[in-house]
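Residue-level listing of the chains:
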Amino acid sequence: VKLGKSWLFLEGASVPQRSETDVQWLQSADAGSTVAGLLVTAPNTGRGGAAWFTQRKLPVYVTPGAVSAMSTTLGNWKQPPSAAKVVSKSQWLRFDGDSVWVEPIDLPDYPGALVAYVPSLRWAYSGLAATPLYFDLVVARIRERGWAVDRIGSIRSLAQPIPARTASR
């Protein structure tokens, strides 16, 4: 997701080399942009690509449910497990004049997931919102918070329209 002129990567690649390739492509496709960091919203996730970010002193934000897996993964890539910043409470992350609100959400089978909201883009994201049940729970959270959202991102689709309200919703 692009915040100002900086890209915040979502979920991450499997290995650091893939992160390097992704960043090289992004810099050629969007000249002048920078990399802000990595946000991991799915619990039980250790992504080796996070090591690329920590090697460059870029922040890696993780859900509380991903701490154990990410600590092991970072250690396996010779990076300090403590390099991952745990988002255990709702907070703003600010990058290049823009911001993203990140907050924990407990989903069935995935307690301690995260949902992110970027007001300037009218966009929300949770990697797990790729399934109908989790999508509906993320939509419910968006409506509960009163966020102005037109599109929802997940690991399946970065810009799925938010469903219109119905009488039953």
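Preceding this paragraph is the structure being described.
Attention in this report is confined to the structure presented alongside it.

Section: the pattern of salt bridges
So, point 1. This structure, assessed with the given rule, holds 7 salt bridges.
So, point 2. A salt bridge links Glu-20 to Arg-56; the nearest nitrogen and oxygen atoms lie 3.2 Å apart. With Glu-20 in helix H1 (residues 16-29) and Arg-56 in the loop between helix H2 (50-55) and strand S4 (60-62), the pair connects residues that are 36 residues apart, well separated along the chain.
So, point 3. Judged by its relative accessible area of 26%, Glu-20 falls in the partly exposed class.
So, point 4. We note a salt bridge from Arg-122 to Asp-150, for which the minimum N-O separation is 2.8 Å. Of this pair, Arg-122 sits in the loop between strand S8 (110-118) and strand S9 (123-125) while Asp-150 sits in the loop between helix H4 (132-145) and strand S10 (151-153); the two residues are 28 residues apart in sequence, bridging distant segments of the chain.
So, point 5. When its relative accessible area of 38% is taken as the criterion, Arg-122 is described as partly exposed.
So, point 6. The class for Asp-150 is partly exposed, based on a relative accessible area of 38%.
So, point 7. Members of the salt-bridge network, linked through shared partners, are Glu-103, Arg-141, Glu-144 and Arg-145.

What to know about the pairing of strand S7 (residues 98-107)
So, point 1. Most of S7 is tucked away: 7 of the 10 residues are buried.
So, point 2. As paired strands, strand S6 (residues 91-95) and S7 are joined by 5 bridges and run antiparallel to one another. Bridge pairing in S7 links Leu-93 to Val-100.
So, point 3. Linking two consecutive strands that pair antiparallel, namely S6 and S7, is a turn of 2 residues; a positive phi of about 50° is found at Asp-96 within it.
So, point 4. In the sheet, S7 pairs with S8 via 6 bridges, with the strands oriented antiparallel.

Some points on the packing of aromatic side chains
Aromatic ring pairs: the centre-centre distance and the angle between the two ring planes describe each pair.
So, point 1. Tallying each qualifying case throughout the model produces 7 aromatic pairs.
So, point 2. Ring centres of Tyr-110 and Tyr-134 lie 5.7 Å apart, and the angle between their planes is 85°; on these two criteria the pair is classed as edge-to-face. Taken together, the positions of Tyr-110 in strand S8 and Tyr-134 in helix H4 put the pair 24 residues apart, joining distant regions of the chain.
So, point 3. Relative accessible area serves as the criterion here: at 28%, Tyr-110 is assigned to the partly exposed category.
So, point 4. When its relative accessible area of 8% is taken as the criterion, Tyr-134 is described as buried.
So, point 5. Through pairs of rings, three or more aromatic residues link up here, namely Phe-9, Trp-52 and Phe-53.

As for the layout of surface pockets
So, point 1. If you add up the space inside the largest pocket, you get close to 410 Å³.
So, point 2. Around the largest pocket, the lining is made up of 18 residues, and of these Val-1, Trp-7, Leu-8, Leu-10 and Leu-158 lie nearest the centre.
So, point 3. Only strand S2 (6-10), H1 and S9 provide two or more residues apiece to the lining of the largest pocket.
So, point 4. Top contributing element to the lining of the largest pocket by residue count: S2, with 4 residues.
So, point 5. For the lining of the largest pocket, the per-class residue count stands at 13 nonpolar, 2 polar and 3 charged.

Parameters at a glance
- Residues numbered from 1 in each chain as written.
- Predicted model: local features only at pLDDT ≥ 70, side-chain atom pairs only at ≥ 80, totals over all residues.
- Heavy atoms only, no water.
- Salt bridge = Lys/Arg side-chain N within 4 Å of Asp/Glu carboxyl O.
- Helix = DSSP H or I, 4+ residues; strand = E, 2+ residues; numbered from the N terminus.
- Buried < 20%, exposed > 50% of the residue type's maximum accessible area, 1.4 Å probe, protein only.
- Pairing = 2+ DSSP bridges.
- Phe/Tyr/Trp six-rings, centres within 6.5 Å; stacked < 30°, edge-to-face > 60°.
- 1 Å grid on protein atoms, 1.4 Å probe; cavity = no way out; pocket = protein on both sides within 12 Å on 5 of 7 lines; lining within 4 Å.
- Points joined across faces, edges and corners; volume = space filled by probe spheres on them.
- Nonpolar A, V, L, I, M, F, W, Y, C, P; charged D, E, K, R; others polar.

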